[in-house]
Amino acid sequence: MTYARTSWRENAACRSADPEELFADSAAQSRAKAVCGGCPVRAECLAEALDNRVQFGVWGGMTERERRALLRRRSDVDSWWQVLVTARYEHNQPRRP
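An account of the accompanying structure is given in this report. (Residues numbered from 1 in each chain as written. Predicted model: local features only at pLDDT ≥ 70, side-chain atom pairs only at ≥ 80, totals over all residues. Heavy atoms only, no water.)

Digging into the packing of helix H3 (residues 42-51) against helix H4 (residues 64-73)
Helix-helix packing: each pair is described by the crossing angle between the helix axes and the interaxial distance.
So, step 1. At their nearest, the axes of H3 and H4 sit 10 Å apart, and the two run at 70° to each other. Classified by the angle their axes make, H3 and H4 are roughly perpendicular. The chirality of how H3 crosses H4 is right-handed. Counting all contacts with H3, which are made through Leu-46, Ala-49 and Leu-50, the residues of H4 involved are Arg-67, Leu-70 and Leu-71.
So, step 2. Residue classes in the contact of H3 with H4 are distributed as five nonpolar, no polar and one charged. (Axes fitted to C-alpha atoms, helices over the stretch in contact; angles between N-to-C directions. Helix = DSSP H or I, 4+ residues; strand = E, 2+ residues; numbered from the N terminus. Parallel < 35°, antiparallel > 145°, perpendicular 65-115°, else oblique. Left-handed = near helix turned anticlockwise from the far one by under 90°. Contact = heavy atoms within 4.5 Å. Nonpolar A, V, L, I, M, F, W, Y, C, P; charged D, E, K, R; others polar.)

Right, dumping it as structure tokens:
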């Protein structure tokens, strides 16, 4: 299942969470990342943060430090939305024998 860029937030596991929990620092970040664990729109959330260079908070299960490191390692990516949503789609396809 894919979500339009404008509606993915409606399906986010954190939609009813306290924003303070998602913009935590240090030890509290692991609790924020746990909210993302089973989120059905984790890829869209992460893509949003990467494509828009969001500097604060946990998005798609990654802290700002982790996102900065990923952006440095993969500076060749123009659209994280395309990369992550396509990867999830391909991962969810049935394997052929």
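Describing the packing of H3 against helix H5 (residues 80-92)
So, step 1. One can describe the packing of H3 onto H5 by two numbers: an axis separation of 8 Å at closest approach and a directional angle of 160°. Relative to H5, the element H3 lies roughly antiparallel. Crossing of H3 against H5: the hand is right-handed. Of H5, the residues touching H3 (which contributes Ala-43, Glu-44, Leu-46, Ala-47, Leu-50 and Asp-51) are Trp-80, Trp-81, Leu-84, Val-85 and Arg-88.
So, step 2. Across the contact of H3 with H5, the residue classes break down as eight nonpolar, no polar and three charged.

Remarks on the side chain of Glu-48
So, step 1. Inspection of the secondary structure puts Glu-48 in helix H3.
So, step 2. Residue class for Glu-48 comes out buried when judged on its relative accessible area of 16%. (Buried < 20%, exposed > 50% of the residue type's maximum accessible area, 1.4 Å probe, protein only.)

Side note on the side chain of Thr-63
So, step 1. Examined against the element boundaries, Thr-63 turns out to sit in the loop between H3 and H4.
So, step 2. We classify Thr-63 as buried; its relative accessible area is 6%.
So, step 3. Apart from the residues lying within four places of it in its own chain, the contact partners of Thr-63 are Gln-29, Lys-33, Gly-57 and Val-58.

Digging into the pattern of salt bridges
So, step 1. Here the structure, examined in full by the defined rule, presents three salt bridges.
So, step 2. Here Glu-48 makes a salt bridge to Arg-9, at a shortest N to O gap of 3.5 Å. Residue Glu-48 is located in helix H3, and its partner Arg-9 is located in the segment before helix H1 (19-22); the two are separated by 39 residues in the primary sequence.
So, step 3. For Arg-9, a relative accessible area of 41% corresponds to the partly exposed category. (Salt bridge = Lys/Arg side-chain N within 4 Å of Asp/Glu carboxyl O.)

Thoughts on a positive patch on the surface
So, step 1. Together, Arg-65, Arg-68, Arg-72 and Arg-73 make up a region of like positive charge exposed at the surface.
So, step 2. The topology assignment puts Arg-65 in helix H4.
So, step 3. Judged by relative accessible area, which is 64%, Arg-65 ranks as exposed. (Patch = residues over 30% accessible without salt bridge, like charges linked within 9 Å, V, L, I, M, F, W, Y side chains within 5 Å. Areas by Shrake-Rupley, 256 points an atom, 1.4 Å probe, with all protein chains shown as cover. Lys, Arg positive; Asp, Glu negative; His and termini not counted. Charge placed at Lys NZ, Arg CZ, Asp CG, Glu CD.)

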